[in-house]
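Close look at the chain arrangement
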Amino acid sequence: MSKLVVKGPVRLEGRVRISGAKNAALPILIATILLKGESVITNVPNLTDIMTTIRLLRSLGLKAEFTNNTVTIMGTNDVRHIAPYELITNMRASFLVAGPILARVGFAKVPYPGGCAIGTRPVDIHLNGFRAFGIDIRVEHGFVVLKSNGKIRGSKYTLDFPSVGATQNLMMLASLAEGTSVLKNVAKEPEIEDLAAFLNQAGANVQGAGTDTIRIEGVPEMINVNYPVIPDRIETATYLCAVAITRGDVILEKVNTAQIQDIIKVLRKVGYTLEEIDDETLHISYDGGDLKGVNIKTEPFPGFSTDNQAMLMSVLAMIDGEKSSITETIFENRFMHVNELNRMGANIEVDGRKAVIHGVRNLSSSAVKMMDLRGGAALLIAGLVADGDTVLYNTYHILRGYEDITGKFIKLGAKFAH
Ligand code: EPZ
């Protein structure tokens, strides 16, 4: 079992550079299935999920290479229509290949994505959206078999829930459809706007990304682009929470302050000082004053991001004597880090979708197990302030979403042992 020992308590100081966004890079890399010619995607984080996506693109007939945070991709006229089981099942986002393969080939066979630790995470909204475009869908032998009846025509579809992945899958399908598509109740996350900007640079006509309605005029073909991925707003929130829990003083570089207002507002409300030096530089510090508990609930963007709740929970767990609550409205099982935090001496009660956090004076080092990406980050953050050596197991979870995480933390003063 992969493990990491984090020594506490420490106080983080210095500067950290935020990497490109995993959740923007994954759909953009997958969108290159739509393109002909060579594309160059920059500011791509070096993560295991990115390497999985590169293997997936190669399995579909594209050429893809990763060097120095740049992915060079050569499109193909012969996109294979079957996505390999072993690549889809260990990364849910790979179901996003369905839309682009359908758009290029008119036929796709994609393994039904497994749920994951944080919930069943069905793809019914994706599939109902495809049906609205006239796609025939069958599920057999664990594969979703999708087939268009002739040319795919632009359609209208209102999503039951603003699913990020379903919005992205349908944007990619509609980009090469014949005629106009109107998608309503779509996700408004920054990663949606980044995908739209990428598609438009490749010759698509996608309007309204970032609002609840996206209108797409289909185009006959899309060509290669050079494109930089936006900064990772969740990685940013992770480092903000790490500095907050250690009462540190850090400048974060290459952030996008407009996309992280959710976490900025909450940490200010708790009592930390956050100064937006410019739109890509943020300074967080603590002036020694009282810190207060907060009550938050996760919501689709621009509400408080579900991906930030685990890391914030670690911060709230250490506000001695203060009561806070976090209500998770997006996923049905995203509190698996709570038991592990309680093993470290936190005092958190879970009742369904709501966690009530009773802040304590300190946490004690312990052996804990990471259960998912963001919950794992929350445990690492807690280990920074726990007395002694906290042994983190299943650290492969955090390697999926955090580039050079130990290197970046060591530069800020964290101490690890293996
Ligand atoms: C994306 O996942 C992100 N992943 C997630 O980040 C993020 O938590 C999530 O959006 C919400 O913001 C990537 O971008 C790779 P959804 P996605 O479809 O697209 C339900 C991280 O930590 N749903 O918006 O899978 C679903 O079960 C990851 O970086 C359906 O019911 O999220 C969930 O409860 C974790 N049917 C809710 O909607 C569907 O067809 C949100 O899912 C699709 C989704």
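Residues numbered from 1 in each chain as written. Predicted model: local features only at pLDDT ≥ 70, side-chain atom pairs only at ≥ 80, totals over all residues. Heavy atoms only, no water.

1. Let's talk about the site of the ligand
- Within the structure, the ligand sits among 22 residues, and Asp124, Ile125, Ser163, Asp307 and Ile330 are positioned closest to it.
- Within the contact set of the ligand, an oxygen atom lies 2.8 Å away from a side-chain nitrogen or oxygen of arginine 92.
- Side-chain polar atom of arginine 334 to an oxygen atom of the ligand: 3.2 Å apart, as the coordinates give it.
- Across the complex, the protein chains shield 88% of the 820 Å² of accessible surface that the ligand would expose by itself.
- Put simply, the parts of the chain that give the shell around the ligand at least two residues each are helix H1 (22-31), helix H5 (124-132), helix H6 (164-175) and helix H12 (373-385). (Near = heavy atom within 4 Å. Polar contact = N/O pair within 3.5 Å; in protein donor to acceptor, adjacent residues only side chain to side chain. Areas by Shrake-Rupley, 256 points an atom, 1.4 Å probe, with all protein chains shown as cover. Helix = DSSP H or I, 4+ residues; strand = E, 2+ residues; numbered from the N terminus.)

2. Some points on H5
- Listed in full, the buried residues belonging to H5 are Ile125, His126, Leu127, Gly129 and Phe130.
- Backbone geometry just after H5 places glycine 134 at a positive phi near 80 degrees. (Buried < 20%, exposed > 50% of the residue type's maximum accessible area, 1.4 Å probe, protein only.)

3. With respect to the packing of aromatic side chains
- In this structure the tally under the stated criterion is three aromatic pairs.
- Their ring planes at 35 degrees and their centres at 4.7 Å tell us that tyrosine 239 and phenylalanine 409 sit as a pair that is tilted. Of this pair, tyrosine 239 sits in helix H8 (residues 233-245) while phenylalanine 409 is found in helix H14 (residues 405-411), placing the two residues 170 residues apart along the sequence.
- On the basis of relative accessibility, which here comes to 0%, the residue tyrosine 239 falls in the buried class.
- On the numbers, 5.8 Å between centres and 55 degrees between planes, the contact of tyrosine 272 with tyrosine 286 is tilted. Of this pair, tyrosine 272 sits in the loop between helix H9 (261-270) and strand E17 (273-278) while tyrosine 286 sits in the loop between strand E18 (281-285) and strand E19 (295-297), and the two are 14 residues apart along the sequence.
- Residue classification places tyrosine 286 among the partly exposed positions, given a relative accessible area of 24%. (Phe/Tyr/Trp six-rings, centres within 6.5 Å; stacked < 30°, edge-to-face > 60°.)

In short, geometric facts, not functional conclusions.
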